Amino acid sequence: MKNKTAIIAVHGVCPHPRYAMQDDFAEGLRQELCRLQHLNKSWSKAILWPVITRSDASASDLHATAVRIYPEGETPENTEHFYDVFEGYWSPIDKNQTTVQAVLQWLLRSLFSPLNGFAKLYASPRKTLFDIGYVLCAFFIIVALLILFAAIADRAWFLYASIVTCGMQSIWDTVRSAGTPCGKIIPGFLAFFTNPVNAVNGLGSRAAIVLLIAAIGSYAFWQLIFSVIMEMQRAWRRRKQKKTGDTRIREGPRTSWRYYMQAALAALSIFCFGVLAWGFPITPGARVYETLAPAFTLVAAVGALKSALALIQGFLINFLGDVQIYCTQDENAKFFELRKSIVQAVESVILSVLRTTDDQRPKATVVHVEEANILDTEPPVVQPYYDKIFVAAHSLGSTIALDALMNIHELVEEQGMSETLWRRLRGLITFGTSLEKTRFFFDVRNPSYSASVQRWRDDVYGHLFTKNKSVLQKANTGHVGIYWANFWYEHDLVANQIVSYRSSVAPGSRLLSTTTPSTHSVCDNVRLGSAFPWRVWVHGDYLGDPQFWRSGLDAAGKQYTGAAQIIA
């Protein structure tokens, strides 16, 4: 039985390395096909590079690479039943383009601007309270860490300044008071930021050296702590993946290199604190703990600062910043061009896959993933004429993918692409989708949308998508509507059940100005059980969650079809 299927995987918010989403999705699909013994076979994975035939090719002529999943015992270039996974990669386009101040201003304008009847967040009160509470907790933790850093760093500064500059006999004598003679001559902690040169000169060279050594030791210590935590997480994932036969994490030189770096960080922190303890005693005969107590205070301050900066960069800039940039609809804003580039990046991949025809007969070089050996010196000829094409999108990638599909649909309606090519598109799989939230941010900033615009937008959704999975069993020429399945966790801050995407237009029917007032859902929602609260951030768990791939009962007790069986 011939079945050539393509999947375009679109990643979501936060920085993603190229091919990561593609490989994760392909490996998850391969494992589930093996578990199901699909076609009574096990499945392998290989990389496919389409060959550019133009002699004057440029970077714009590059094709998207594919990860091919094919039956074991067959060669990837000759098999008649395979799944090619492509990647809609847009991560570098908008990274580091916004600031903390801009993100906070955008949130305040969006959440506290006068709401209108058009803008509404379609979610249950429980889900809404959870999401708001999650964001507020994140902000509270960031502010608390910054306050903690300021307080502890100020204490550490005064301890070092008073001990080294004023010659205290013991750290227990350093009781801060503005009226003490020592307190009057020590520059304040804020002076280190406003005028660091004068502040350091006010302390003297010995105090400056002590602070520098303590700062280096503190930084090395926390780098070691974070590295060990990441190593423990990696070991946990590796043990879990070995149980399921996952080969995505491999041992190699980089593992040994991490151990060497951890040993170097440990040696550097021990060296710095050792120098402080024995090279810079407070007073002759001072105990070691009296010398190291201010250093450990500085360690706590550095830990609070690094944690706050990590949350600011990860949550505000990389997470909320992506949403801020993509939700910009003002064509005069610089973010609008970034938004267009993001949609075009995903749109170009979908178009290239849709337009791949049997007549083109592109060539490809195939390399086994596990062995990384070229199969043939001459690139074999393949015929990637896809019988079915699916789009699988995570997080903000689901909003981007939907916008790209809407643009391509307009291209089809305007006869820029044939209906035959468009009908290869059979399914849209969203997981951890931000569609409801991005729709709210779109709507709240555009209160002038008319009812006719809203109806037209919903009519197009109904024309294109359906929640009836039986359309997957029909031939390309006979199916009506693209099957849309949405997987989500209730404790996922980003995700929501798709509620507002409703239409009065039947799938595949003509778009007319007269529609019935009754509406129907265009999406098949599946609520999965999450690992919250044991895992606070469950947004990235979908591809590693067997529930996502396998059919069964969801968290609401409803029978559903897993992603692997939707595609297969």
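This report concerns the structure included in the present document. Note that the structure is a prediction, hence the values are computed from the model and not measured. Residue numbering note: each chain is counted from 1, following its sequence as written. It should be noted that, the model being predicted, local features are given only for residues of pLDDT at least 70 and side-chain atom pairs only at 80 or more, the latter also being counted only at that level, while totals for whole chains, interfaces and linings use all residues. Side-chain numbers here rest on the full set of heavy atoms in the structure, without hydrogens or water.

1. Topic: the packing of aromatic side chains
- We call Phe, Tyr and Trp rings a pair once their centres come within 6.5 Å, taking the six-membered ring for Trp, and we label the pair stacked below 30 degrees between planes, edge-to-face above 60, and tilted otherwise. Throughout the structure, instances matching the rule amount to 22 aromatic pairs.
- Look at F487 and Y560: their rings are 6.2 Å apart centre to centre, the planes differ by 75°, and that puts the pair in the edge-to-face class. Here the residue F487 occupies a position in strand β9 (residues 482–489), and Y560 occupies one in strand β14 (residues 559–560), the gap between them amounting to 73 residues.
- Judged by its relative accessible area of 0%, F487 falls in the buried class. Counting from the N terminus, the helices are DSSP H or I runs at least four residues long and the strands are E runs at least two residues long. For the exposure calls, accessible area comes from a 1.4 Å probe over protein chains only, and a residue counts as buried if that area is under 20% of its type's maximum, exposed if over 50%, partly exposed in between.

2. Some points on the pairing of strand β3 (residues 66–71)
- Of all 6 residues that make up β3, 6 are buried, and the element is covered over most of its length.
- Should DSSP find at least two bridges between two strands, the strands are regarded as paired. Pairing analysis gives 3 bridges linking β3 to strand β4 (residues 81–88), with the strands arranged antiparallel. Pairing of V67 across the sheet is with V85, part of β4.

3. Observations concerning a nonpolar patch on the surface
- A cluster of nonpolar side chains, namely L212, I216, L268 and F271, defines an oily patch on the protein surface of about 390 Å² accessible area.
- Put simply, the parts of the chain that give the nonpolar patch at least two residues each are α7 (205–244) and α8 (253–279).
- By the element assignment, L268 lies in helix α8. Only residues whose relative accessible area exceeds 30% and that take part in no salt bridge are eligible for patches, with like-charged residues grouped when within 9 Å of each other and nonpolar side chains (Val, Leu, Ile, Met, Phe, Trp, Tyr) grouped when within 5 Å. Surface accessibility in these figures is a Shrake-Rupley result with a 1.4 Å probe; residues are shielded only by whichever protein chains are displayed. One side-chain nitrogen of Lys or Arg within 4 Å of one carboxyl oxygen of Asp or Glu is enough to make a salt bridge.

4. What to know about the pattern of salt bridges
- Following the criterion strictly, the structure yields 19 salt bridges and no others.
- Two residues, E32 and R35, come together in a salt bridge whose shortest N-O distance is 2.7 Å. Within this pair, E32 and its partner R35 are both found in helix α1 (residues 20–36), separated by 3 residues, close to a single helical turn.
- In this structure R35 comes out as partly exposed when scored by relative accessible area, which is 43%.
- Linking D524 and K469 is a salt bridge whose minimum nitrogen-to-oxygen distance equals 3.7 Å. In this pair, D524 is assigned in strand β12 (residues 524–528) and K469 in the loop between β8 (465–466) and β9, connecting sequence segments 55 residues apart.
- We classify D524 as buried; its relative accessible area is 10%.

5. What to know about unusual backbone geometry
- A cis amide bond links F532 to the next residue, P533, at an omega of 10°.
- Secondary-structure assignment places P533 in the loop between β12 and α15 (546–549).
- Positive phi outside glycine occurs at N40, with the angle close to 60°.
- When you line up the elements, N40 lands in the loop between α1 and β2 (43–50).
- For N40, a relative accessible area of 70% translates into the label exposed.
- Despite not being glycine, S395 shows a phi value in the positive range, around 60°.
- Taking the relative accessible area as the measure of exposure, S395 reaches 0% and is therefore buried.

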